[in-house]
Amino acid sequence: MTRAPRILGLMSGTSADGVDAALLELPGWPELGSGGAFPALPAGVPRGRVVEHHFLPFSRELREAVLKAMYDQASTAELTQLHWWLGEVLAEAAAPLAGEADLIASHGQTVQHHPRPDAGRGWARPATLQLGEAAVLAEQSGKPVVADFRTADIAAGGVGAPLVPFADWALFAEANRRRVVLNIGGLSNITFLNGLDPAAVMAFDTGPGNCLIDEVAELRGQRFDEGGQLAAQGQADGGTLLGWLAHPELHQPPPKATGREVWTLSQLGLPGLSLPGLSLPDLAATATVFTARTIADALRFLPARTDEVIVAGGGAKNPVLMRALQTALDTVPLRTFQDVGWHEHGFNEATREAAAFAFLGYARVQGWANTLPQTTGARRAVSGGKLTPNPHPQPPRGQA
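Here we summarise the structure given alongside this text. Keep in mind that this is a model prediction, so the values were computed, not measured. (Residues numbered from 1 in each chain as written. Predicted model: local features only at pLDDT ≥ 70, side-chain atom pairs only at ≥ 80, totals over all residues. Heavy atoms only, no water.)

**Examining the overall build of the chain**
- Within the chain one finds 12 helices and 12 strands.
- Taken over C-alpha atoms, the radius of gyration comes to 20 Å for the chain, in line with the 21 Å a tight globule of 400 residues would show.
- A principal-axis box enclosing the C-alpha atoms of the chain has dimensions of 75 × 50 × 40 Å.
- For the chain, the residues scored as buried account for 55% of the 400 residues in total.
- In the chain, the share of contacts with a sequence separation of at least 24, taken over all contacts with a separation of at least 6, comes to 73%.
- Accessible area for the chain stands at about 16300 Å²; split by element, carbon and sulfur atoms hold 51% of it.
- Positive and negative side-chain charges in the chain, numbering 31 and 39 respectively, have mean positions lying 5 Å apart. (Helix = DSSP H or I, 4+ residues; strand = E, 2+ residues; numbered from the N terminus. Rg over C-alpha atoms; globule rule 2.2 N^0.38 Å. Buried < 20%, exposed > 50% of the residue type's maximum accessible area, 1.4 Å probe, protein only. Contact = heavy atoms within 4.5 Å. Areas by Shrake-Rupley, 256 points an atom, 1.4 Å probe, with all protein chains shown as cover. Lys, Arg positive; Asp, Glu negative; His and termini not counted. Charge placed at Lys NZ, Arg CZ, Asp CG, Glu CD.)

**A short note on the nonpolar core**
- Counting residues in hydrophobic clusters, the biggest one holds 47 residues, and the most contacted among them are Leu182, Phe290 and Leu325.
- Setting aside chain neighbours within four positions, we find Phe290 in contact with Pro208, Leu212, Leu241, Trp244, Leu245, Leu250, Trp263 and Leu268.
- Membership of the second largest hydrophobic core comes to 39 residues, among which are Ala167, Tyr362, Trp368 and Leu372. (Core = buried A, V, L, I, M, F, W, Y, C linked by side-chain atoms within 4.5 Å.)

**Comments concerning the side chain of Thr206**
- Looking at where Thr206 falls in the secondary structure, it is placed in strand S9 (residues 202-208).
- The contact partners of Thr206, leaving out residues within four places of it in the chain, are Ser188, Asn189, Ile190, Leu250, Thr294, Ile295 and Ala298.

**Examining the packing of helix H6 (residues 211-219) against helix H9 (residues 280-298)**
- Taken N-terminus to C-terminus, the directions of H6 and H9 make an angle of 170°; their axes are 9 Å apart at the nearest point. Comparing the axis directions of H6 and H9 gives the class roughly antiparallel. Judged by residue contacts, Leu212, Ile213, Val216 and Leu219 of H6 engage Leu280, Leu283, Ala284, Ala287, Thr288, Phe290 and Thr291 from H9.
- Along the lines of polarity and charge, the residues of the contact of H6 with H9 split into 9 nonpolar, 2 polar and no charged. (Axes fitted to C-alpha atoms, helices over the stretch in contact; angles between N-to-C directions. Parallel < 35°, antiparallel > 145°, perpendicular 65-115°, else oblique. Nonpolar A, V, L, I, M, F, W, Y, C, P; charged D, E, K, R; others polar.)

**So, the packing of helix H5 (residues 165-172) against helix H11 (residues 352-366)**
- Orientation of H5 relative to H11, taken along the N-to-C sense of each, is 95°, at an axis distance of 9 Å. Put simply, H5 runs roughly perpendicular to H11. Every residue of H11 that contacts H5 at Phe166, Ala167, Asp168, Ala170, Leu171 and Phe172 is listed here: Arg352, Ala356, Phe359, Leu360 and Ala363.

**Considerations on the packing of aromatic side chains**
- As enumerated under the stated definition, the model contains 18 aromatic pairs in all.
- Between Phe149 and Phe357 the ring centres are 5.3 Å apart and the planes differ by 65°, which places this aromatic pair in the edge-to-face class. Of this pair, Phe149 sits in the loop between strand S6 (145-147) and helix H4 (150-155) while Phe357 sits in helix H11, and the two are 208 residues apart along the sequence. Grouping residues by exposure puts Phe149 and Phe357 together as buried.
- Taking 5.5 Å as the distance between ring centres and 85° as the angle between the ring planes, the aromatic pair formed by Tyr362 and Trp368 counts as edge-to-face.
- When its relative accessible area of 4% is taken as the criterion, Trp368 is described as buried.
- In textbook terms, an aromatic cluster arises when at least three aromatic residues are bridged by ring pairs, as seen for Trp29, Phe38, Phe166, Trp169, Phe359, Tyr362 and Trp368. (Phe/Tyr/Trp six-rings, centres within 6.5 Å; stacked < 30°, edge-to-face > 60°.)

**Quick notes on the environment of Val111**
- Note that Val111 resides in strand S4 (residues 103-114).
- On the basis of relative accessible area, Val111 is assigned to the buried category, the value being 2%.
- Once the C-alpha coordinates of Val111 and Thr14 are considered, the two residues, 97 residues apart in sequence, prove to be 8.0 Å apart.
- Beyond its immediate stretch of four places on either side in the chain, Val111 contacts Val66, Ala69, Met70, Leu129 and Leu131.

**Thoughts on the sheet that holds S9**
- The strand order across the open sheet formed by 5 strands is S9-S8-S7-S10-S11, and the pairing between neighbours is mixed. Each having just a single partner strand, S9 and strand S11 (334-336) make up the two edges of the open sheet. Across the sheet, the mean angle separating the axes of adjacent strands is 25° when strand polarity is ignored.
- Inspection of the sheet shows strand S8 (residues 187-194) paired to S9 by 6 bridges, in the antiparallel sense. By the bridge assignment for S9, Phe192 is matched with Met202.
- With respect to the sheet, H5 is in contact with strand S7 (178-184), S8 and S9, its orientation differing from that of S8 by roughly 45°. (Pairing = 2+ DSSP bridges.)

**Considerations on the pairing of S8**
- Of all 8 residues in S8, 7 are buried, a share of seventy percent or more.
- Strand direction decides the pairing type here: S7 and S8, joined by 7 bridges, are antiparallel. Bridging from a neighbouring strand, Val181 pairs with Thr191 of S8.
- Taking the residues between adjacent antiparallel strands as the criterion, S7 and S8 are bridged by 2 residues.

**Section: the pattern of salt bridges**
- By the definition in use, this model includes 15 salt bridges.
- For the salt bridge of Arg352 with Asp168, the shortest nitrogen-to-oxygen distance reads 2.4 Å. One end of the pair, Arg352, is in helix H11; the other, Asp168, is in helix H5, with 184 residues separating them in the sequence.
- Taken together, the salt bridges that share partners define one network made up of Glu174, Arg177, Arg179, Glu308 and Arg335. (Salt bridge = Lys/Arg side-chain N within 4 Å of Asp/Glu carboxyl O.)

**A look at the pairing of strand S10 (residues 308-312)**
- Of all 5 residues in S10, 5 are buried, a share of seventy percent or more.
- Bridge analysis of S7 against S10 gives 5 bridges, and the strand direction is parallel. When the sheet's bridge partners are listed, Leu182 is paired in S10 with Val311.
- Examined bridge by bridge, S10 and S11 share 3 bridges and lie parallel to one another. Bridging from a neighbouring strand, Val309 pairs with Leu334 of S11.

See below:
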């Protein structure tokens, strides 16, 4: 009996804290490379399982280099070095699980995302940049690699994000169920699943996730606000909150995407990180409540009321943020993957995005479209991702 396809997904998000590697198995789905039309969705939810998961944290030096690139402070030489450095780190993250995989799908590290032209920022055209050289990953793992998923959608007129809604629909959609799958990474995005109809899926970036909270924590010498302890010591400032909630990106209807370069304390009016009248705990509390409000307020763009919000990503581990989010959601239930039983299939806040890109890579090799154009504003669905084939082919006869 043929083994179910196994694809290793690699995800490094806008929090720039490390690489999640998730080995996704797809029982009931066609054999990898078999081609053909997209099949009927297999029964049950979720329609796959994460067999294993591994997390490789970035070193402080690597994270600083990534953030420097995100904040538009890196030279061309530094970007070149970072591209290959990240390729080596992705290969290191893949190594414990690559032997069990038929294919590797790597999101890479987004360092700039310009979904629409913006003369004020010097963006003459839509563009995006994910670093992490796929050839390095393929060479060191001995596996074919699909990477650079966002560019095809942007070339087709989309905003290049979010891309995980296709995988969310394929893995988590249920008949007669309206649910939001929320990811809180460095940024936040939502997928609205309205039954089994792929045309009814709606998805978009809502704005900041952990990025502002992390930036405040870094002023205290911490990489992030562990357990929301810093925010718990402060009070959100109402005036600051109202000013931030007026940000024009929050009021732009979807499809829309954003980047970490937009959501910084400096961009929100704190040049030089001056904190007039606000303590660090107060600023952390304000950033936390603001993040929760931007997510909850984004639900107003949905065409129908959702039955539940199911949260994943690093933000799901912050109880202060989760309480603020439930308050902002009012009567809409906020649930985790564990609450709905998906953890029994290996899906949790750490594995969801890596598993999603594993599915996108699988679909790319099958020759299927792996985007939903209504979620990005593209002219058509595309099969996103560039394939680096088997890096160790047989040499021509007579050659070593």
